[in-house]
Amino acid sequence: MYDRLKALAEALNAQDIVTLFAQDEGRASAFSVRHDGMLLDYSKTRITDAVRAGLIDLAETRQVAARRDAMFAGQAINETEGRAVLHTALRNLEARPVLVEGRDVMPEVLETLARMERFAEDLRAGRIKGQGGAITDVVNIGIGGSHLGPDMATRALAPYHDGPRCHFVSNVDGADIHDVLSRLDPGRTLVIVASKTFTTIETMTNARTARDWMAGAVDAPAEQFVAVSSALDRTAEFGIAPERVFGFADWVGGRYSLWGPIGLPLMIAVGPADFRAFLSGGADMDAHFCKSPMSENMPVMLALTGVWHHQVCGYPTRAVLPYDQRLARLPAYLQQLEMESNGKRVTMAGDDLQGPCGPIVWGEPGTNGQHAFYQLIHQGTQVVPCEFMVAATGHEPELAHHHRLLVANCLAQSEALMVGRSLEQAREMIAAAGLTDDALERQARHRVFPGNRPSTTLIYDRLTPRRLGQIIALYEHRVFVEGVILGINSFDQWGVELGKVLAGELEPILTGEASAEEKDGSTRALVAFVRGCAEG
Ligand SMILES: O=P(O)(O)OC[C@H]1O[C@H](O)[C@H](O)[C@@H](O)[C@@H]1O
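Please read these numbers as outputs of a predicted model, since none were measured by experiment. (Residues numbered from 1 in each chain as written. Predicted model: local features only at pLDDT ≥ 70, side-chain atom pairs only at ≥ 80, totals over all residues.)

Draft legend 1. Structural view of the sheet that holds strand β1 (residues 32–35). Pairing within the open sheet is mixed, and its 6 strands lie in the order β1-β2-β15-β14-β12-β13. Edge positions in the sheet fall to β1 and β13 (360–362), since each has one partner strand and no second. Adjacent strand axes in the sheet meet at a mean angle of 15° when their direction is disregarded. When strand β12 (residues 317–323) meets β13, the two strands line up parallel, connected through 3 bridges. Each bridged residue has a counterpart across the sheet, and for A319 the counterpart in β13 is W362. Sheet strands in contact with helix α14 (residues 330–342) are β12 and β13, and its direction is about 165° off that of β13. (Pairing = 2+ DSSP bridges. Helix = DSSP H or I, 4+ residues; strand = E, 2+ residues; numbered from the N terminus. Axes fitted to C-alpha atoms, helices over the stretch in contact; angles between N-to-C directions. Contact = placed C-beta atoms within 7 Å.)

So, in structure tokens, the structure goes:
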């Protein structure tokens, strides 16, 4: 499938990126996509006209456009689960009809959005109270898609917060919920239990702990609970009144659910108007994705750049490097989005993949990462394609010099990765610092940067709610395009099942209620160690 592209990659081996710039003055604009105040620059890669044509040809052969249209049209493209994939309907503020099995789902989507807005307004205005008065703190209990999105987005939009403080608990480790609840007043706290299935062991364990904590301090704990779920029978069983439940349909995947009721903490933090601006950003990216030709289509070109680096060039991982402290949770969010979606070894039809699945995605905000793992990115033996992102301006005009340094560092890193430093330059630099002969030679090779390392940069004016919506939708569609090219189902996640089943078996083994006999030698030894510690 990648033969032609691999041959192109081979032919380009002798070519470095700097030479591509020397050969083409217009390279920066020819190898970038602009959309609505955003610029995706992929010119600092070895992608040439021929490579781009080959990649677009691949996308066309794999019928990306037809699959995209099928997704937006509500067809059951999540074939292994027999479901439509319509998180895009949650941000369809124009209420264009979206049919699932012949029924328009938009009235229900907008009715839930309106209920969320009323609830968020009442809470923010202090009309919905706790036993101790107006709600000052909201605790979102959820994990995976019911945690990473709202946590990431709520942090990202901190400059827009004017509602109660939001806290996030996800880990079944009691330390997580302990450290959050111990700082809060139960009389003025609202708990959101966010779980699509309302069965996830971590979330249900934390929810029961929170309920006990609340019940120990207030007379009507259920009144200070809200549920977000698509399993309405289970929320009722848990004791949450229907008017305090915000539902969503099974055609919203967990890791794509931030746009609906799972986004409630974000709406409470920033208010309904900014939440709508966030949705409008997502909708704008949807329209761009649906209408733009491939070479001017930001999600398509981001996806194709990724395919070029991972499937064709064979670089095993991809670093996401937001130069924005408020996007500190974006890499974790993207790890779920990308690796849970495209980390699969069989095609939709169940055949073995013909090449690698999606890449390992990792990262940290800049500039912090520069003082840690960038050493390997610059001088290690593996090439790590880097995806930088940065806003041209920050939200703190009084600290503009900080932002200037931030941007300078971001641009410097992609430049350094591409340009590198030759042995000759290293020698000159060391000589200029006064070292000679042996001392100079001892250092010279260590101070060489091979360069020619690829990166992309996504740059935009400022991280507003709308911009964040565009960025998240950009990445969702990028993952979709990559999945279509690989021929896999990006919308199931069977790979998380086995560990859950085994954890269920191991819990009674740890307490001694069940025997470890059937387990392998290593697991038996680990259990024995834990039990030994417990017995003192
Ligand atoms: O929202 P929930 O049903 O509680 O699911 C929470 C998460 O757990 C699962 O194991 C999946 O891996 C995730 O895709 C999901 O987002």
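Still more ground to cover, so stick around.
Draft legend 2. Local environment of the nonpolar core. In this structure, I141, V191, I192 and A210 are the most contacted members of the largest nonpolar core, which totals 129 residues. By residue number, the principal contributor to this core is helix α19 (residues 465–486), which donates 12 residues. Composition of this core by domain shows at least three residues from each of domain 1 (2–73 + 292–419 + 454–492) and domain 2 (87–270). Beyond its immediate stretch of four places on either side in the chain, A210 contacts V139, I141, I177, L181 and V191. (Core = buried A, V, L, I, M, F, W, Y, C linked by C-beta atoms within 7 Å. Buried ≥ 20, exposed ≤ 12 C-beta atoms within 10 Å, placed from the backbone. Domains from an automatic or database assignment.)

Draft legend 3. Region of the structure containing the sheet that holds strand β7 (residues 137–141). Spatial strand order, β8-β7-β9-β10-β11: 5 strands in an open sheet with parallel pairing. Strands with a single pairing partner mark the edges of an open sheet, and in this sheet they are β8 (165–169) and β11 (245–247). Adjacent strand axes in the sheet meet at a mean angle of 20°, parallel and antiparallel pairs treated alike.

Draft legend 4. Spotlight on the domain arrangement of the chain. Annotation of the chain at the domain level lists domain 1 (2–73 + 292–419 + 454–492), domain 2 (87–270) and domain 3 (495–535). The C-alpha centroid of domain 3 is placed 41 Å from the C-alpha centroid of domain 1.

Draft legend 5. A look at the site of the ligand. In the vicinity of the ligand there are 14 residues, among which G144, G145, S195, T200 and G254 approach most closely. Residue composition of the shell around the ligand, grouped by class: 2 nonpolar, 9 polar and 3 charged. (Near = placed C-beta within 6 Å. Nonpolar A, V, L, I, M, F, W, Y, C, P; charged D, E, K, R; others polar.)

Draft legend 6. Fine view of the packing of helix α12 (residues 272–291) against α19. Following both chains from N to C, one finds α12 and α19 inclined at 40°, their axes separated by 7 Å at the closest point. Taken together, the axes of α12 and α19 lie oblique to each other. For the element pair α12 and α19, the recorded crossing hand is right-handed. Contact with α12, carried on its side by D274, A277, F278, L279, S280, G281, G282, D284, M285, D286 and F289, involves P465, R466, R467, L468, G469, Q470, I472, A473, L474 and H477 of α19 and no other residues of that element. The residue makeup of the contact of α12 with α19, split by class, is 10 nonpolar, 6 polar and 5 charged. (Parallel < 35°, antiparallel > 145°, perpendicular 65-115°, else oblique. Left-handed = near helix turned anticlockwise from the far one by under 90°.)

Draft legend 7. Molecular detail of the pairing of strand β2 (residues 38–41). Strand direction decides the pairing type here: β1 and β2, joined by 4 bridges, are antiparallel. Among the inter-strand pairings, H35 is bridged to a residue of β2, identified as M38. Counting the residues in the hairpin turn of β1 and β2 gives 2 residues, including D36, whose phi is positive at 45°. Bridge count for β2 against strand β15 (residues 455–460) is 4 bridges, and the pairing is antiparallel. Among the inter-strand pairings, L40 is bridged to a residue of β15, identified as L458.

Draft legend 8. Geometry of the UniProt feature "active site" (unreviewed entry) in the chain. In the numbering adopted here, UniProt assigns the feature "active site" (unreviewed entry) to E340, H371 and K500. Judged by maximum C-alpha separation, these annotated positions cover 161 residues in sequence and are scattered in space, the widest gap reaching 36.6 Å. You can see H371 is positioned in the loop between β13 and α15 (374–379). Look at H371 and you get exposed, because 9 C-beta atoms sit within 10 Å. Relative to the assigned elements, K500 resides in helix α20 (residues 497–511). When the 12 C-beta atoms within 10 Å are taken as the criterion, K500 is described as exposed. (UniProt positions renumbered as here; feature names shortened; annotations may be inferred.)

Draft legend 9. Expanded view of the pairing of strand β14 (residues 386–391). Where burial is concerned, most of β14 is hidden: 6 out of the 6 residues are buried. By the alternation rule, side chains of β14 split into C386, F388 and V390 and E387, M389 and A391, which are all buried. One ladder, built from 5 bridges, connects β12 with β14; its direction is parallel. Paired with A319 across the strands is C386, a residue of β14. Relative to β15, β14 is paired through 6 bridges, and the arrangement is parallel. Counted as the bridge partner of M389 is L458 from β15.

Draft legend 10. View of the packing of helix α17 (residues 423–432) against helix α18 (residues 437–444). Close contact between α17 and α18 brings their axes to 9 Å; oriented N to C, the two are set at 135°. Here α17 is positioned oblique relative to α18, judged by the angle of their axes. Relative to α18, α17 is oriented so that their crossing is right-handed. In this structure, α17 contributes L423, A426, R427, I430 and A431 to the contact, and α18 contributes L440, Q443 and A444. Across the contact of α17 with α18, the residue classes tally to 6 nonpolar, 1 polar and 1 charged.

Draft legend 11. How the structure looks around the environment of G254. Within the element layout of this structure, G254 appears in the loop between β11 and α11 (264–270). C-alpha separation for the pair G254 and I360, spaced 106 residues apart in sequence, amounts to 20 Å. Beyond its immediate chain neighbours, meaning those up to four positions away, G254 contacts G144, G145, S146 and K196.

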